[in-house]
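# An overview of the molecular structure
Take a look at the letters that make up each chain.
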Amino acid sequence: MDFHFDIDDYGRPVAVFSAGHEAIGRWFSEELHAAQDEIAVLLKHIENLEKRTIAHYQMQGREFQLNMDRNAAEILALALSSDIYGDLDKELPEGTNLYEQELQAECGLLDFKHALLCWQEFVISNG
C-alpha cells in the first residue's frame, strides 16, 4: 500500500493512496482531517487491539465508517449500505458495476497504523 500526503489549494492536508486503497485516503482527508485528538484516540484503540484488550473498534463519520479488528482496518462508505445505492446498482445494465475503489478499502492493522502515524507527523509538521 503506497501513499503520499500533500496540501491542497486551500491549505488542507490531503492523503492519496494507491489503487485499491483510495477510500483510505479519502477517509484521512475528509473524515479525520488534521484532528490531533482523534488521531490520538485511534492510536490508543490500535494499541488496545494489539494488546488484545479489545477485539474490535468502529468509528462512524459523516460519509465513511472505520472498522478495525486485531488483523485489519476497513474503510467503508456509508453510501454502500444505503438502500439508494443498492437500488442504483440493480438498475445498471447487466455486466456493469459501479466504481467502488474510492468507497471501500481494507489493509492490515499494522499498515494502517503506519499510515496513521505518517499522517500524524505530516499534519503536525504542516499545521
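Calculation criteria
- Residues numbered from 1 in each chain as written.
- Predicted model: local features only at pLDDT ≥ 70, side-chain atom pairs only at ≥ 80, totals over all residues.
- Heavy atoms only, no water.
- Salt bridge = Lys/Arg side-chain N within 4 Å of Asp/Glu carboxyl O.
- Helix = DSSP H or I, 4+ residues; strand = E, 2+ residues; numbered from the N terminus.
- Buried < 20%, exposed > 50% of the residue type's maximum accessible area, 1.4 Å probe, protein only.
- Contact = heavy atoms within 4.5 Å.

## Some remarks on the pattern of salt bridges
- By the definition in use, this model includes 6 salt bridges.
- In this structure, the salt-bridge partner of E63 is R26, at a minimum N-O distance of 3.7 Å. Pair noted here: E63 is in the loop between β3 (56–60) and β4 (64–69) and R26 is in helix α1 (residues 22–32), with a separation of 37 residues, a long-range link.
- Taking relative accessible area as the criterion, R26 reaches 21% and is therefore assigned partly exposed.
- Its salt-bridge partner being K44, residue E47 comes within 3.5 Å of it at the nearest N-O pair. In this pair, E47 and K44 are both assigned in helix α2 (residues 36–50), 3 residues apart and thus about one turn of the helix distant.

## Details of α1
- For α1, a buried count of 9 out of 11 residues is recorded, marking the element as mostly surrounded by other parts of the structure.
- The complete set of buried residues in α1 reads E22, A23, I24, G25, W27, F28, S29, E31 and L32.
- Downstream of α1 by a residue or two, H33 has a phi angle that is positive, lying close to 55 degrees.

## Topic: the side chain of S29
- Mapped onto the fold, S29 is located in helix α1.
- The exposure class assigned to S29 is buried, which follows from its relative accessible area of 16%.
- Sequence-distant contacts of S29, that is, excluding residues within four places in its chain, are made with P13, V14, A15 and W119.

## Brief notes about the environment of A72
- Turning to its location among the elements, A72 is positioned in strand β5 (residues 72–77).
- Taking the C-alpha atoms as reference points, A72 and L109, separated by 37 residues in sequence, lie 4.3 Å from one another.
- Once residues within four sequence positions are removed from consideration, A72 is found in contact with N67, E106, C107, G108 and L109.

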